[in-house]
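# What the coordinates show
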Amino acid sequence: QVVGMVYATDAINGALVGRLVGNTIGAAIVLWHCRRWLTWRLDTTYLAKPLRFAAFLLPGFLLEWGGASGDRFWVERWLSLSLLGVYSLLNVISATTEMASGALRMAIMPFLYESLGSNTPQSTEQRQHLYNFYTAIMVLAVTAVVFLVSHINYFIKNPDYLTLQPYVYLYVLGYLFSAISAFIIFVFFYHKNPKPNLYLMLGVISLNIALNYCLTPTYALWGVVAAATGARGVALAILIGFNPRLFAPFLKWRSATLLLSTVLFLVLAHFATYRQYCSHNIAGWAMLLVVVVLLLGLYRQQMKQVVMIFKSRLGNR
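Residues numbered from 1 in each chain as written. Predicted model: local features only at pLDDT ≥ 70, side-chain atom pairs only at ≥ 80, totals over all residues. Heavy atoms only, no water.

## As for unusual backbone geometry
Look at Lys192: it is not a glycine, yet its phi comes out positive at around 60°. Summarising the element assignment, Lys192 is placed in the loop between α7 (168-190) and α8 (195-219). Exposure remark for Lys192: the relative accessible area of 67% places this residue in the exposed category. We note that Ala220 has phi near 55°; this positive angle belongs to a residue other than glycine. Secondary-structure assignment places Ala220 in the loop between α8 and α9 (221-242). (Helix = DSSP H or I, 4+ residues; strand = E, 2+ residues; numbered from the N terminus. Buried < 20%, exposed > 50% of the residue type's maximum accessible area, 1.4 Å probe, protein only.)

## Focus on the nonpolar core
Within the largest apolar cluster, 68 residues are counted, with the highest numbers of intra-cluster contacts made by Leu90, Tyr134, Ile184, Leu221, Phe250, Leu258 and Leu266. Top element by residues in this core is α7. It accounts for 17 residues. Among all residues touching Leu258, those that are not within four sequence positions of it are Thr135, Ala136, Val139, Leu294, Leu295, Leu298 and Tyr299. (Core = buried A, V, L, I, M, F, W, Y, C linked by side-chain atoms within 4.5 Å. Contact = heavy atoms within 4.5 Å.)

## Concerning the environment of Ala136
Within the element layout of this structure, Ala136 appears in helix α6 (residues 121-150). Sequence separation between Ala136 and Leu264 is 128 residues; the distance between their C-alpha atoms is 16 Å. The residues touching Ala136, leaving out its near neighbours within four places in the chain, are Leu258, Leu295 and Tyr299.

## With respect to the packing of aromatic side chains
Both the distance between ring centres and the angle between the ring planes are used here to describe each pair of aromatic rings. Counted under the stated rule, the structure contains 15 aromatic pairs. Here Trp78 and Tyr213 contribute two aromatic rings whose centre-to-centre distance is 5.3 Å and whose plane-to-plane angle is 75°, an arrangement assigned as edge-to-face. With Trp78 in helix α3 (residues 44-78) and Tyr213 in helix α8, the pair connects residues that are 135 residues apart, well separated along the chain. An aromatic cluster of at least three residues, connected via ring pairs, comprises Phe53, Tyr113, Phe186, Phe189 and Tyr190. Here the basic side chain of Arg35 rests over the ring of Trp32, its NZ or CZ set 3.9 Å away from the ring centre. (Phe/Tyr/Trp six-rings, centres within 6.5 Å; stacked < 30°, edge-to-face > 60°. Lys NZ or Arg CZ within 6 Å of the ring centre and 35° of its normal.)

Structure follows, in structure tokens:
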């Protein structure tokens, strides 16, 4: 993509050709490694159940993609192109939390599903450790985004993009809500029930559109941020209301302390910087310090074990 944008006469076509080439190479590598299991024949006996599962799963994922990309249409409709650029950059940077949560869920999935298949005390303890681990990484991802945006003046020369700093605290809060919702939905996938994900995405998209219609024309970019975060927060609240048992592991004292502290700090940082009680740089450093201290205090023993595992791995190599 970089080569295409720099050397092509049309930068857009160059970027698209670069993406096509990259994806083609990636697909070719996957197909080569899976060549033993590929066949030209389709057996409906094995396809029936996956297709029934995909009938609800695919629309849910399409709605999720539309929700992640659709906000730009509201910004472009009611606001200026410069604000659209600011919001797009904010969205791209903040979405790294979603990338981190997705990758982490895939890493946790085999062990989570293994523990869900058993009701022994050991499996319950294993599930709690997975929930704690997921919470810690999500909070770290949110903190990293806040820290990056609060110091974005060191990376970007265009002063117009510095205006995204006030919005980051509330915006990443919405991504934290959606990361928790996605982990709860993951449990439904174990039971081969994709319907809650579809219903959740329908609710988030509908509420997001309604809030954008009400808030964006009056409050500009603040309305877009409030709509995105509000929709994700309400969806999480409804999901918890219908499935409190699945949210219960997040209420254990370690996860609950970390989550509540992060939410509280994001809200306080928003108001402190908005009222100009402190700069964004100070807020970013303060959040990083608070989260690191919390992690060291809550997971001191677990961190020692992680360090020992890494040392043993490196020693074996």
